[in-house]
Amino acid sequence: MTTLMIQGTTSDAGKSTVVAALCRWLQRQGVAVAPFKPQNMALNSAVTVDGGEIGRSTALQALACGVEPHSDMNPVLLKPQSDCGAQVILRGQVYGNMNAVDYHAYKAEARQAVYDAWQALSARYDVIIAEGAGSPAEVNLRANDIANMGFAEMVDCPVLLVGDIDRGGVFAQLVGTLVLISESECNRTRGFIINRFRGDLALLEPGLDWLTERTGKPVNGVLPYLHGLVLDAEDSVGTAGEHQAGALRVVVPVLPRISNHNDFDPLRLHPGVELTFVGPDQSPPPADVILLSGSKHTRGDLAWLRANGWEAVIERHLRYGGHVFGICGGFQMLGQQVDDPEGLEGEPGITAGLGWLDTHTRMVAGKQLTRVSGTLTLPGAEAPAAVCGYEIHNGVTTGADLARPLVTLADKVDGAISADGRVMGTYLHGLFDDPAACAALLAHWGLRDQGQAVDYASHREQQLDRLADAVEECLDTDWLKRLLGMA
């Protein structure tokens, strides 16, 4: 077993993408490979084959490896609920809520869970490609570190450092990182990968030579800026894609604790959809559909919606014939009230919902983590559409509108539809990934000329192959094979 760790000079340097690229490249070499992220902080998550929860980017990397995502691949997942607190997911299951100071002290215990998960994964695969978090040069977080060099030192693995040249200052990023880490950490950093380069490589080569001469470490390669690359985001909300004239106008408010907004990635790619994410202090544009996303703090984000004028926006939108659709936390917000008696997502209390569905939600301990499949039944549809997805939620929802469910699953029904069919909600994440379900929903919302359907599963595979092609073309793969003990 060999472990290689990819660390970055900054957040969003491209670590997740580089790990996915290396995983798909190794999978195409016939190597039994798996991803590993010791600690992740993200609100986009996925349900694993063993009934756990891990970061969405790690689940994508498992797909790149051609294996099912497992909770061992991301043993510590932090899901922020406020600026100073988060829900701690340990090896796939909720451990509890902690503020930042308490978690920093807890990392010494979490370290064992990380090591145990790495050992369990290492017993099943030949190569582990591990991903750091943030930057290894965050000296204030170095004590009991499990996310970057602390993990690399614990398991004694080599590190490659990734820098994003598109942001500028990549040489300062790389050299500065080496200056700030310890001598042993610097020694285990075997080389660099420069990411997101656009332009004439000949103009960059003098800088690459200088970098190697200055540090004594090779540049393994320069990955290009891949235009139009759309993959499941770890945190950042992506921009919309191109759309045709007369596209269906879909608007998503960007909640402070928005979660699993990758639900909407298939809509970003759909030529018949004009998708707009609206942040704070932005005026909502005219819309045919308003989508309410998942949330890690439903009551807090409800308050944010009201404070930012969205309650009046939705009321006016519905009065003029628009549609509203909520997923998970967004579904809960559309009901009469959200009750969190134990304070699972913040301070205990009850918050009035938006009131567009006759439902009531109560937060209860014991998170629902399941993969599901079934059929989507919409008012006026000629036939049900196949749908599959996953549930990640604490809330239990009851109420009269559940008698008009949106989804029929193997052992239950899910979601609710208002009497006029213009307000809907569901706990099911990922339903837009299925072309049939996506087409059915878009048709219900008024899109007649849908053009070619977007098969997001096929799109993911194509994008991962595109990344692996970039590895083959732009990195020194012979050097990588020697580093991994493959040559």
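Description of the structure in this document.

Parameters and conventions
- Residues numbered from 1 in each chain as written.
- Predicted model: local features only at pLDDT ≥ 70, side-chain atom pairs only at ≥ 80, totals over all residues.
- Heavy atoms only, no water.
- Core = buried A, V, L, I, M, F, W, Y, C linked by side-chain atoms within 4.5 Å.
- Buried < 20%, exposed > 50% of the residue type's maximum accessible area, 1.4 Å probe, protein only.
- Contact = heavy atoms within 4.5 Å.
- Pairing = 2+ DSSP bridges.
- Helix = DSSP H or I, 4+ residues; strand = E, 2+ residues; numbered from the N terminus.
- Arc of directions from axis to C-beta.
- Polar contact = N/O pair within 3.5 Å; in protein donor to acceptor, adjacent residues only side chain to side chain.
- Phe/Tyr/Trp six-rings, centres within 6.5 Å; stacked < 30°, edge-to-face > 60°.
- Patch = residues over 30% accessible without salt bridge, like charges linked within 9 Å, V, L, I, M, F, W, Y side chains within 5 Å.
- Areas by Shrake-Rupley, 256 points an atom, 1.4 Å probe, with all protein chains shown as cover.
- Salt bridge = Lys/Arg side-chain N within 4 Å of Asp/Glu carboxyl O.

## A closer look at the nonpolar core
Grouped together as the largest cluster of nonpolar side chains are 59 residues, with contacts concentrated most on Phe264, Leu267, Leu291, Phe325, Leu376, Phe432 and Trp445. Excluding residues within four positions of it along the chain, Phe264 makes contact with Val252, Leu275, Phe277, Leu291, Ser293, Ile327 and Phe432.

## Let's talk about the pairing of strand S8 (residues 93-99)
The pairing of strand S7 (residues 85-90) with S8 spans six bridges and is classified as antiparallel. Following the sheet pairing, Ile89 is matched in S8 by Val94. Linkage of S7 to S8, two consecutive antiparallel strands, is achieved through a turn of two residues, within which Arg91 is found at a positive phi near 50°.

## Some words on the environment of Val407
Residue position: Val407 is located in strand S23 (residues 407-409). Classification of Val407 by relative accessible area gives buried; the value is 1%. Among all residues touching Val407, those that are not within four sequence positions of it are Thr375, Leu376, Val387, Lys412, Val413, Asp414, Thr426 and Leu428.

## Some words on helix H12 (residues 435-444)
Among the residues of H12, those classed as buried are Ala437, Cys438, Leu441, Leu442 and His444. Buried residues along H12 cover an arc of 160° about the axis, so they all sit on one side. At the N-terminal boundary of H12, the capping side chain belongs to Asp434, with an oxygen 3.0 Å from the backbone nitrogen of Ala436. Backbone geometry just after H12 places Gly446 at a positive phi near 110°.

## With respect to the packing of aromatic side chains
Counted according to the given criterion, the structure contains 11 aromatic pairs. With a centroid separation of 6.3 Å and an interplanar angle of 50°, the aromatic rings of Tyr103 and Tyr106 are classed as tilted. One end of the pair, Tyr103, and the other, Tyr106, are both in helix H3 (residues 100-122), three residues apart, so they sit about a helical turn from each other. The exposure class of Tyr103 is buried, given its relative accessible area of 9%. Take Tyr106: its relative accessible area is 8%, and that puts it in the buried class. Among the aromatic side chains, those forming a connected cluster through ring pairs are Phe36, Tyr115, Trp118 and Phe151.

## Notes on a nonpolar patch on the surface
On the surface, a cluster of nonpolar side chains totalling about 300 Å² of accessible area is made up of Val139, Val179 and Leu180. In this structure, Val179 sits in helix H5 (residues 170-180).

## Some words on the side chain of Thr426
One can find Thr426 in strand S26 (residues 423-426). A polar side-chain atom of Thr426 sits 3.0 Å from the main-chain amide nitrogen of Leu428. Every residue in contact with Thr426, bar those within four places of it in the chain, is listed here: Phe325, Gly326, Ile327, Cys328, Phe331, Leu406, Val407, Asp414, Gly415 and Leu431.

Read these as geometric descriptors, not functional statements.
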